[in-house]
2 protein chains.
Amino acid sequence: MPVTDGRSRARRREQPDPAGVLERSGVGSRAERKELTRQKLVGVTLRLIADRSLASISLREVAREAGIVPTAFYRHFASMDELGVELVDESMRPLRQMIREARRGRVAHGDIIVDTVAVLAKHVRGHPDHFRFLVRERYGGIGAVRRSIATELRLFTSDLTVDLSRLTAGLDWSTDDLEMAAGLMISAMLGVVMDLLEAEERRPEDVETILERAEHQLRLIVLGMGGWRSKP
Amino acid sequence: MPVTDGRSRARRREQPDPAGVLERSGVGSRAERKELTRQKLVGVTLRLIADRSLASISLREVAREAGIVPTAFYRHFASMDELGVELVDESMRPLRQMIREARRGRVAHGDIIVDTVAVLAKHVRGHPDHFRFLVRERYGGIGAVRRSIATELRLFTSDLTVDLSRLTAGLDWSTDDLEMAAGLMISAMLGVVMDLLEAEERRPEDVETILERAEHQLRLIVLGMGGWRSKP
DNA sequence: TGTACATCAGTGAACGCGCGTTCACTGATGTAC
DNA sequence: TGTACATCAGTGAACGCGCGTTCACTGATGTAC
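Residues numbered from 1 in each chain as written. Chains lettered and ligands numbered in written order. Predicted model: local features only at pLDDT ≥ 70, side-chain atom pairs only at ≥ 80, totals over all residues. Heavy atoms only, no water.

Asker: Outline the overall build of chain A, supporting the account with residue identities and numerical values.
Answerer: Within chain A, the secondary structure is distributed over nine helices and zero strands. The order of helices and strands in chain A, counted from the N terminus, is α-α-α-α-α-α-α-α-α. Per-residue burial for chain A yields a buried fraction of 45% across its 232 residues. Considering only intrachain contacts with a sequence separation of at least 6, the fraction spanning at least 24 residues in chain A is 63%. Carbon and sulfur atoms form 54% of the exposed surface of chain A, whose accessible area is close to 12200 Å². (Helix = DSSP H or I, 4+ residues; strand = E, 2+ residues; numbered from the N terminus. Buried < 20%, exposed > 50% of the residue type's maximum accessible area, 1.4 Å probe, protein only. Contact = heavy atoms within 4.5 Å. Areas by Shrake-Rupley, 256 points an atom, 1.4 Å probe, with all protein chains shown as cover.)

Asker: Describe in detail the interface of chain B and chain A, supporting the description with residues and values.
Answerer: If you look at the interface, chain B gives 38 residues, while chain A gives 38 residues. Its largest share of buried area at the contact with chain A, chain B owes to Y139, L184 and L220 of chain B, together 22% of the area lost on that side. At the junction of chain B and chain A, the tally comes to four salt bridges. Between R146 of chain B and E198 of chain A there is a salt bridge; the shortest N-O distance is 3.5 Å. At the surface where chain B touches chain A, the tally comes to six residue pairs in polar contact (both at pLDDT 80 or more). (Buried area = accessible area lost by both parts, 1.4 Å probe. Salt bridge = Lys/Arg side-chain N within 4 Å of Asp/Glu carboxyl O. Polar contact = N/O pair within 3.5 Å; in protein donor to acceptor, adjacent residues only side chain to side chain.)

Asker: Account for the protein's contact with DNA strand D, naming residues and giving values.
Answerer: Looking at DNA strand D, there are 21 residues lining it, with T37 of chain A together with S58, R60, R64 and Y74 of chain B nearest. Atoms of DNA strand D within 4 Å of the protein belong to the sugar or the phosphate in 52% of instances, the rest to bases. H76 of chain A places a polar side-chain atom, nitrogen or oxygen, 2.7 Å from a phosphate oxygen of DNA strand D. Between R60 of chain B and DNA strand D, the recorded distance is 2.4 Å, taken from a side-chain N or O atom to a base nitrogen. Put simply, the parts of the chain that give the surface near DNA strand D at least two residues each are α2 (30-48) of chain A together with α2 (30-48) and α3 (59-66) of chain B. (Near = heavy atom within 4 Å.)

Asker: Tell me about the pattern of salt bridges, and please be specific about residues and values.
Answerer: This structure, assessed with the given rule, holds 34 salt bridges over all chains. Ionic pairing is found between R166 of chain B and D163 of chain B, a salt bridge with its closest N-O pair at 3.6 Å. Of this pair, R166 of chain B and D163 of chain B are both found in helix α7 (residues 143-167), three residues apart, which corresponds to roughly one turn of the helix. Looking at R166 of chain B, the relative accessible area reads 57%, which means it is exposed. A relative accessible area of 4% places D163 of chain B in the buried class. Residues participating in the shared-partner salt-bridge network are R103, D159, D163 and R166 of chain A.

Asker: Explain the protein's contact with DNA strand C to me, using residue names and the numbers behind them.
Answerer: Around DNA strand C, a shell composed of 21 residues is seen, among which S58, R60, R64 and Y74 of chain A together with T37 of chain B lie nearest. Near the protein, within 4 Å, the atoms of DNA strand C are sugar or phosphate in 53% of cases. With respect to DNA strand C, the backbone of V69 of chain B contributes an N or O atom lying 2.8 Å from a phosphate oxygen. For the surface near DNA strand C, the secondary structure elements donating two or more residues are α2 and α3 (59-66) of chain A together with α2 of chain B. Broken down by class, the residue content of the surface near DNA strand C amounts to six nonpolar, six polar and nine charged. (Nonpolar A, V, L, I, M, F, W, Y, C, P; charged D, E, K, R; others polar.)

Asker: How would you summarise the packing of aromatic side chains if you had to cite specific residues and measurements?
Answerer: Scanning all chains against the criterion turns up six aromatic pairs over all chains. These aromatic residues form a ring-pair network of at least three members: F73, Y74 and F77 of chain A. (Phe/Tyr/Trp six-rings, centres within 6.5 Å; stacked < 30°, edge-to-face > 60°.)

Asker: Provide a residue-level description of the nonpolar core, including the pertinent values.
Answerer: Core analysis: the biggest nonpolar cluster contains 132 residues, and V62, F133 and L220 of chain A together with V62, F133 and L220 of chain B have the highest contact counts within it. With near-sequence residues (within four places) excluded, F133 of chain B lies in contact with L46, I49, L54, G84, L87, V88, S91, R138 and V145 of chain B. (Core = buried A, V, L, I, M, F, W, Y, C linked by side-chain atoms within 4.5 Å.)

Asker: Kindly report on the relation of the copies chain B and chain A, identifying the contributing residues and their values.
Answerer: Between chain B and chain A, the superposition needs a rotation of 180° and an axial shift of 0.0 Å, giving an RMSD of 0.0 Å. In short, the pair behaves as if placed about a two-fold rotation axis. Proximity to the rotation axis, assessed at the C-alpha, singles out G224 of chain B in chain B; its C-alpha lies 1.8 Å from the axis. Both copies contact each other with a shared surface, as 100% of the interface residues of chain B are interface residues in chain A too. (Least-squares fit on C-alpha atoms with pLDDT ≥ 70 in both.)

Asker: Describe α3 of chain A, and please don't skip the residues or the numbers.
Answerer: Among the eight residues in α3 of chain A, six count as buried, and that is most of the element. In the stretch just after α3 of chain A, G67 of chain A is the one whose phi turns positive, near 80°.

Asker: Explain the side chain of R136 of chain B to me, and be specific about the residues and the numbers.
Answerer: Tracing the chain through its elements places R136 of chain B in helix α6 (residues 128-137). Ignoring any residue separated from it by four or fewer positions in sequence, one finds R136 of chain B in contact with Y139, G140 and R146 of chain A together with I49, A50, D51, R52, S53 and M194 of chain B.

These figures come from the coordinates and say nothing about function on their own.
Written as structure tokens, this is what we have:
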């Protein structure tokens, strides 16, 4: 059991480091080290979410994985719920980064839809825990987290609505209709995200099919938009 | 506190009925009474799901609400996970009933889309707990339940695919494309279901807007299908 | 129909465990002079 | 630069609690004769 591997985390879990000497070997100010621990709590929780819901993860478990004593958790968050809300923020970052990149690609060249789905796939692959957290807790058991995600997704829809209004500049689309179309795209893509995550880790041969289907769904929506006539 | 209201359940929670005399006052066979308790366990769990996830509900809590001792739970299910899988079955029933009714309406008359959304709204209103369970646990923390829901939704998609194949009889749609469109409709409608549930219980004035948006989304998809040309 | 025995849904005591939270503390880091 | 004091991230013991699960049981219901 006491194998010497280079990773201090794994070693510390077997042979605790009560005084935190390893952590405090002169790197950074106290504030910086506090921030480091905070990030560790967030990261650890995100990893634990992989096959369970936030509601079933205990404060003690998170503290244990982060290498601190349970009571030290309270130096960073008042409760797991509060950590959860922080996680929403953390997880929206890659999503926002994604739409920024998709937007850039849009101006440049080629098939908008193929590019968009490629960017989606790339970001989901790059931040699986963040995306899984969002999809899993979107309708999950913790009210504060659910509401926080709903708010962020609403902002996200607004963003996409603005983008769509540029694409439909010539046609007489109302804001409501644009939002409706944006909402449909996001519903569709959130479904794709979870399918993608499940496929990535247990049926990699399905990934291509899922991406192709995602492209087709977006194309179908765009086609529909082409034929749309606003009604009262 | 010891108020006399007519409901035996509420009374029993305050003044337990250890020997189960109330339950056993000569109604039904032993097997029938067992089935009754089983249904009570299922129903109680479905109610507890309203604002929490299945993973955070304890066996003892369910037993308590159902009016039995924790150990008696095992006469019906080996674990909460097993009860969860049973709940999927139970919850799919109103959904299947819904599609059957939507299909009937389709043959009869009027605007298919308006009718479909009306049927959806009616069933969601009639079985809020069942629908909430499905949407919440679809990507929730319990693997067995998640897989069970995925399987059922796949069957559901197949059903809808068959329906769509009738509607597109003239055009040259491949099965893959039909499935893709069916999947898109289901993604969209599952999103609507949760919005609807949240609105029903805390912003009833939004319900109309949500239903209208659902109609528009379906219409957009149908429009897209009209313009679709199959590709390899 | 009556009797003797089998079945089994529900009981209740008991267990060890991990939980969230309190509290007084330690000692390295930060700050004021 | 050196010293005295304040701050505060992390410690560790302790608490009461609800949990899932075991076990031997009870007594009404069901069955065989």
